[in-house]
Amino acid sequence: MAKGTYPNKAAQNVAEFRSEAEVDSRKAEKKKSGRPSKGKVHKISLSIPVEIYEGVELASYFFRGNMTAYINNLIHRDLERNLEKYREFKTMMEEMNQTL
């Protein structure tokens, strides 16, 4: 019988399995399910008074029933109109706090 190094079948099977698992995991990462992303977001908890909740729910139908899209639209419009005022107010408050 010839002497030599013979590959360990169990070790070979494990190595093949690992390489297949790595390929499968890479494929799984690429295929994400759910809604398409609109970029990075900062999630917050939001409390809406009960008396206006029904109105928010109804208005969200204009955004395919998506309350988040409706609220984001409201915030975006407000910031377009008032962002400079908010910045001026912040500057005033910071100056006032520094003098105290």
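A few points on the structure. (Residues numbered from 1 in each chain as written. Predicted model: local features only at pLDDT ≥ 70, side-chain atom pairs only at ≥ 80, totals over all residues. Heavy atoms only, no water.)

**Description of the packing of aromatic side chains**
Keep this limit in mind: Aromatic rings from Phe, Tyr and Trp, with only the six-membered ring used for Trp, were paired whenever their centres fell within 6.5 Å, and each pair was classed as stacked if the ring planes differed by under 30 degrees, edge-to-face if by over 60, and tilted otherwise. Accessibility here uses a 1.4 Å probe with only protein chains present; expressed as a share of the type maximum, an area under 20% marks a residue as buried, one over 50% as exposed, and anything in between as partly exposed.
Under the defined criterion, the tally for this structure stands at 1 aromatic pair. Between F63 and Y70, the ring centres sit 5.8 Å apart and the planes meet at 55°, which makes this aromatic pair tilted. Taking relative accessible area as the criterion, F63 reaches 28% and is therefore assigned partly exposed. A residue is classified by how much of its surface remains accessible, and Y70, at 17% relative accessible area, is buried.

**Here we look at the environment of D78**
The cut-off we apply is this: Under the scheme used here, helices are H or I runs from DSSP no shorter than 4 residues and strands are E runs no shorter than 2 residues, and both carry numbers assigned from the N terminus. Working rule for contacts: check all heavy atoms of both residues, and any pair within 4.5 Å makes them a contact.
Relative to the helices and strands, D78 resides in helix 3 (residues 67–99). For D78, a relative accessible area of 30% translates into the label partly exposed. Ignoring sequence-local partners within four residues, the contact set of D78 consists of L83 and Y86.

**Here we look at the side chain of S60**
For S60, the position within the fold is in the loop between helix 2 (50–59) and helix 3. On the accessibility criterion, S60 (2% relative accessible area) is buried. Contacts of S60, omitting those with residues within four sequence positions, involve G65, N66, M67 and Y70.

**Topic: helix 3**
For the record, the criterion: Note that bend, as reported per residue, equals the angle between axes fitted to the 7 residues terminating at that residue and the 7 residues originating from it.
At N82, helix 3 is deflected by roughly 65°, the largest bend along its length. Turning to helix 3, its buried residues number three or more, namely Y70, I71 and N82. Against helix 2 lie the buried residues of helix 3.

**Observations regarding the pattern of salt bridges**
This is how it is decided: For salt bridges, the criterion is a side-chain nitrogen of Lys or Arg within 4 Å of an Asp or Glu carboxyl oxygen.
According to the stated counting rule, one finds 2 salt bridges in the structure shown. A salt bridge links R87 to E84, with the shortest nitrogen-to-oxygen separation between them at 3.3 Å. In this pair, R87 and E84 both sit in helix 3, 3 residues apart, roughly one turn of the helix. Among the residues examined, R87 registers a relative accessible area of 48% and is labelled partly exposed.

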